[in-house]
Amino acid sequence: FCSLILYFAETSSSASVSKNECAHPGSFGKLCVRCGAQVEVAGVSFGNIHKEILFGNAEVARWRDTDTKSVLCRRKLYLVLDLDHTLLNSTHLKHMVPEEDYLNNQIDSIQDCQNGSLFRLSFMNMMTKLRPYVHTFLKEASQMFEMYIYTMGDKAYALEMAKLLDPRNEYFHAKVISRNDGAQRHQKSLDMVLGDESAVLILDDTEHVWPSHRDNLILMERYHFFASSCQQFGFGCHSLSQLKSDESEPEGALAAVLSVLRRVHHLFFNELAGQTGRRDVRQVLNTVRKDVLKGCRIVFSRVFPSKFPAESHPLWKMAVNLGATCATEVDPTVTHVVAMDPGTKKSRWALENDKFLVLPRWIDGANYLWQRLPEENFLVKSNEPKAEAKVKDSVV
Amino acid sequence: MFFHIVLERNMQLHPRYFGRNLRDNLVSKLMKDVEGTCSGKHGFVVAITGIENVGKGLIRDGTGFVTFPVKYQCVVFRPFKGEILEAVVTMVNKMGFFAEAGPVQIFVSNHVKIQKDSEVRLKIIGTRVDATEIFCIGTIKDDFLGVINDPTTT
């Protein structure tokens, strides 16, 4: 047996590169893809394509360059989409509460997922609710962006969700990145995305998983449909399913973000088209963001602890990022006072001088919906109930 | 390439399987343990075709288990460097394409007009076996290699 095998082995051919000359651009199962020798390649592992495939940094940089050029030529940018709480909300069946029993009568067929939004995946013991407007969002976004899914869920979950969102496999083919594909467990990176970071936008509900790419990030308001989702984040309030309600399609987060994406896309391709030098989508995003509260001058009243340096507070920084200016004392140029209590000195000054007196939620709303929301919906009233769970923990 | 060879394995059997069905139990356990596994030396065990010999059982000290040396015939599959194989394309991307020939996954980094489910003739230029899988690198840049069949043609 063995001697017969040796006869066939080790014939070098003209087709493969000699091991000494080969630059080993990448490896599959620890074998060089060009010459077949056993190698250790330092580079990027593309787990979304195959768990054993790895390509060297130089090769990846080359691809990123050609891919980005080709995508930009087609008047598209890149969009990386998170799944949980961004495009959908999932729950284990055992975490569902009795108030959610009615949902069992409203399940949509998986065969017809293009039209459905609530799915029961019995083989995974899970129920998934797609966020309202998601089908339209994906269809419209796909015309402006090359899209990737990047989730902290595992591969099996990621692929099932991709099937629900993209039944015809037209948006995410081989571009589904899951937890084990990345180099680091609790962080996300753009290593496996073939777009240059100056052309990538990210949609995610969690900021801290993108430590190196905060400038590319559009922060999504979390979608809490199931009771377990609210519990997971420690909120005492009821979820949408318990309230027998849902996010509005035309006024929800996805619709708002789609219009932001349209604006960024338009600015990038139409208005910056004549520009020499590399256009950067991060700068465009910043420009759009600074437009939201342009012209507002904001003073905060008893929203931060008194010894806290006001300029470092997240709410102050959020307002500044949105294009507003902030101050610590009132003056005639101030347009808004943000407070919880209408009885503070600054609050009374606002009411007396016909300035807007709004809750901190007004700034959060602007941050998530990218527009200056009507102040009438955020007026400070006396005996204001405890800050609702919707507000992120920026209010002290 | 496929081979029909004789392999030997020491099978441990729990006393509950003794009795008139001892040999059948031994054979079933062998099939369950061995079919579908991979080794560096023989490659992938596809199927057991027969039992050549079952040796005398040896009772192990301390437990009641008995070890039987079993000689069996089986079909194995092992790819070799330089071998020419026909495979089916499973995935195409900008880095090249993946193809499968039975239990073996082959990656070819040549670019060619190819699509999923095409049949392709390739040459293996490197192989590696780990516990459960065989990885191969292939090439189609040689005479008579390349796409044989498109999935669109029947």
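Preceding this section is the structure that the text describes.
Quick summary incoming for the structure in this document. Note that the structure is a prediction, hence the values are computed from the model and not measured.

Considerations on helix H7 (residues 281–289) of chain A
Residue and element names in this part refer to chain A. Among all positions of H7, only Val 281, Val 284, Leu 285, Val 288 and Arg 289 are buried. Buried residues of H7, viewed axially, fall in a sector of 140 degrees; they line one side. Against strand S5 (77–81), strand S11 (200–204), strand S12 (217–219), helix H6 (253–271) and helix H8 (314–321) lie the buried residues of H7. The opening residue of H7, the one whose side-chain oxygen lies 2.9 Å from the backbone nitrogen of Arg 282, is Asp 280.

Comments concerning the pattern of salt bridges
Applying the stated criterion across every chain, the model contains 24 salt bridges over all chains. With its nearest N and O atoms 3.3 Å apart, the salt bridge here joins Asp67(A) to Lys94(B). In this pair, Asp67(A) sits in helix H2 (residues 57–73) while Lys94(B) sits in the loop between strand S6 (84–93) and strand S7 (96–101), so the two residues belong to two different chains. Linking Arg121(B) and Glu86(B) is a salt bridge whose minimum nitrogen-to-oxygen distance equals 3.2 Å. Placement of the pair is Arg121(B) in strand S9 (residues 119–129) and Glu86(B) in strand S6, with a sequence separation of 35 residues. Salt bridges linked by common partners bring Arg74(A), Glu146(A) and Lys175(A) together as one network.

Description of the packing of aromatic side chains
A full pass over the atoms with the stated rule returns 16 aromatic pairs over all chains. With 5.1 Å between their ring centres and 90 degrees between their planes, Phe225(A) and Phe226(A) make a pair best called edge-to-face. Chaining the aromatic ring pairs together yields one cluster made of Phe28(A), Phe55(A), Trp63(A), Phe98(B), Phe107(B) and Phe135(B). If you follow Lys129(A) out to its NZ or CZ, it ends over the ring of Phe225(A), 5.1 Å from the centre. Above the plane of the ring of Tyr102(A) lies Lys244(A), whose end atom (NZ or CZ) is 4.4 Å from the centre.

Calculation criteria
Residues numbered from 1 in each chain as written. Chains lettered and ligands numbered in written order. Predicted model: local features only at pLDDT ≥ 70, side-chain atom pairs only at ≥ 80, totals over all residues. Heavy atoms only, no water. Buried < 20%, exposed > 50% of the residue type's maximum accessible area, 1.4 Å probe, protein only. Helix = DSSP H or I, 4+ residues; strand = E, 2+ residues; numbered from the N terminus. Arc of directions from axis to C-beta. Contact = heavy atoms within 4.5 Å. Polar contact = N/O pair within 3.5 Å; in protein donor to acceptor, adjacent residues only side chain to side chain. Salt bridge = Lys/Arg side-chain N within 4 Å of Asp/Glu carboxyl O. Phe/Tyr/Trp six-rings, centres within 6.5 Å; stacked < 30°, edge-to-face > 60°. Lys NZ or Arg CZ within 6 Å of the ring centre and 35° of its normal.

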